[in-house]
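Coordinate analysis (summary)
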Amino acid sequence: MVKINATRLQQHFEAMSLIGKIGETGTCRPAHSVLEKEAFELAASWMKEAGMTTRIDNFGNLIGHLEGKNNSLPILMMGSHLDSQPYGGRYDGVAGVLCAIEVLMTMKENNILPERSIEVISFADEEGWRFNKGLFGSRGILGKLEDGDLQRQDKDGITREQALKEFGCDVTKFKESEFKEGSIYCFLELHIEQGPVLDIAKKPIGVVSGISGPLWLTVNLKGQAGHTGSVPMPLRKDALLGAAEIIVALNEIATQEKENPTVGTVATIKVFPASRNIIAEEAEFTVDLRDIDLDRRHRYEKQLMDKIEHITKKHGLTYSIKEDTNSEPRYCADWIKKIIHENCQKMDLDAPELMSGPFHDALTLSYVCDYGMIFVRCKDGISHNPLEYASYEDLALGTEVMLGTVLDILNK
Ligand SMILES: [Zn+2]
């Protein structure tokens, strides 16, 4: 049986973790930076060892290409990202790139030359914090950049355009780096879970059912300011009190069916005029509601609207709601999920199916091809934090599952 080399995989993680290292276990590797370039050079050296040719395209993606026997077939694409959060860990994104490289190294050692070509990609700026918008490389190759994408600035006033030029990209030649429709057969991504579900269930590997679609709202409540010492309670129009009740209501809505993966969060609130002895005239907060089941999400959204209507009426408030993002859940392809499950079974792994709350590059790819994702357990669900941790044993298991999955897909 073909097996990956777990020792080599670990060495690759260890070597990669030195680039942009902060503290003992942290990483800061901004998108389109010198550090990301260094990470690309290291990853490219391994890609070459695995028999791939490498290039950095005009979006700043690193791409390794393994030529198949029949290069007219749509390619199998795998990958993730090597950029990190400013105060990030060693596994987010890195796991998906290094596991893909290990799969191809193993294939080369076993003289497995695929029919269709395989490309391993480290997508540029998945994380999105530097220019406040992510999934840049994956949107780029699919012709999905938006107006203003290049003019976004980082905190030092450097635009994405400048950063890309310094990285060696030619922003006038984006078209040349786009993938033609139908040229990608399927996309596979391994990622650490970034949540605690697998850790709590004591399962090293999970099969992703899909990436949940977030609904992002900004809710604004208006009441009436007044002296906190003198306005009698029954006469108040307290916007913050209304907001508090709505926040609790959202929590109740999201948890009404305990077994479901629905998550609902209010994480920011602005109060006006924010003085301890003035009743809040205005309160504005954000809502983040996610679910893999779109019907259920719609149902919950309706419940939330009813609550907002009811609560604001009770407190004599007016309200307005702005929809910031409304994306639908994107489901993994059943046939790929089945292959991943079969490979887990072969390895005696009981791998639960779970949704991904966070975005990944796979979300972008899901609009042009079938996709599948493998989750690897991470300790206490901690991510975007130097404390992020996945064991080399678990990462090796995930890579083994990925290898089996790739071989089965190639033999289909
Ligand atoms: Zn990631």
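Residues numbered from 1 in each chain as written. Predicted model: local features only at pLDDT ≥ 70, side-chain atom pairs only at ≥ 80, totals over all residues.

Observations regarding the domain arrangement of the protein
Per the domain assignment, the segments of the protein are domain 1 (6-211 + 329-410) and domain 2 (213-326). Using C-alpha coordinates to define each centre, domain 1 is positioned 37 Å away from domain 2. Taken together, the residues of the side of domain 1 that touches domain 2 sort by class into 2 nonpolar, 3 polar and no charged. (Domains from an automatic or database assignment. Nonpolar A, V, L, I, M, F, W, Y, C, P; charged D, E, K, R; others polar.)

Some points on the environment of I339
With respect to the helices and strands, I339 occurs in helix α9 (residues 334-346). A residue is classified by how many C-beta atoms lie within 10 Å of it, and I339, with 22 of them, is buried. Distance from I339 to T218, taken between C-alpha atoms, is 41 Å for residues 121 residues apart in sequence. Ignoring anything within four residues of it in the chain, the contact list for I339 reads T405, D408 and I409. (Helix = DSSP H or I, 4+ residues; strand = E, 2+ residues; numbered from the N terminus. Buried ≥ 20, exposed ≤ 12 C-beta atoms within 10 Å, placed from the backbone. Contact = placed C-beta atoms within 7 Å.)

Overview of unusual backbone geometry
Most peptide bonds take the trans configuration, and most residues that are not glycine carry a negative phi. The omega torsion of the bond from F272 to P273 falls at 0°, within 30 degrees of zero and hence cis. Secondary-structure assignment places P273 in the loop between β11 (269-272) and β12 (282-291). Phi is positive for N111, close to 55°, though the residue is something other than glycine. For D380, which is not glycine, the phi dihedral falls at a positive 55°. Relative to the helices and strands, D380 is located in the loop between β16 (370-376) and α11 (392-410).

Things to note about the packing of helix α7 (residues 239-254) against helix α8 (residues 294-314)
α8 packs onto α7 with a crossing angle of 155° between their chain directions and a minimal axis gap of 10 Å. It follows that α7 is roughly antiparallel to α8 by the angle criterion. Relative to α8, the crossing made by α7 is right-handed. Contacts between α7 and α8 involve G242, E245, I246, A249, L250, I253 and A254 on the former and, on the latter, Y300, Q303, L304, K307, I308, I311 and T312. (Axes fitted to C-alpha atoms, helices over the stretch in contact; angles between N-to-C directions. Parallel < 35°, antiparallel > 145°, perpendicular 65-115°, else oblique. Left-handed = near helix turned anticlockwise from the far one by under 90°.)

Here we look at α7
Taking 1.5 Å of rise per residue, 16 residues should cover 22 Å, and α7 covers 23 Å from first to last C-alpha, within 8% of that figure. Along α7, the residues classified as buried are A239, L240, G242, A243, I246, L250, I253 and A254. The arc that holds every buried residue of α7, seen down its axis, measures 150°, which confines them to one face. Check the buried side of α7 and you find it contacts β9 (213-222), β10 (263-265), β11, β12 and α8. (Expected span 1.5 Å × (residues − 1). Arc of directions from axis to C-beta.)

Comments concerning the packing of helix α2 (residues 34-49) against helix α3 (residues 94-109)
Interaxial distance between α2 and α3 falls to 9 Å at its minimum, and their mutual angle equals 20°. In terms of orientation, α2 lies roughly parallel with respect to α3. As α2 runs across α3, the sense of the crossing is left-handed. Mapping the contact onto sequence places A43, W46, M47 and E49 in α2 and V97, I101 and M105 in α3. Classifying every residue of the contact of α2 with α3 by side-chain character gives 6 nonpolar, no polar and 1 charged.

Details of the pairing of β9
Residues in a regular strand point their side chains to alternate faces of the sheet. As paired strands, β9 and β12 are joined by 10 bridges and run antiparallel to one another. By the bridge assignment for β12, L217 is matched with V287. (Pairing = 2+ DSSP bridges.)

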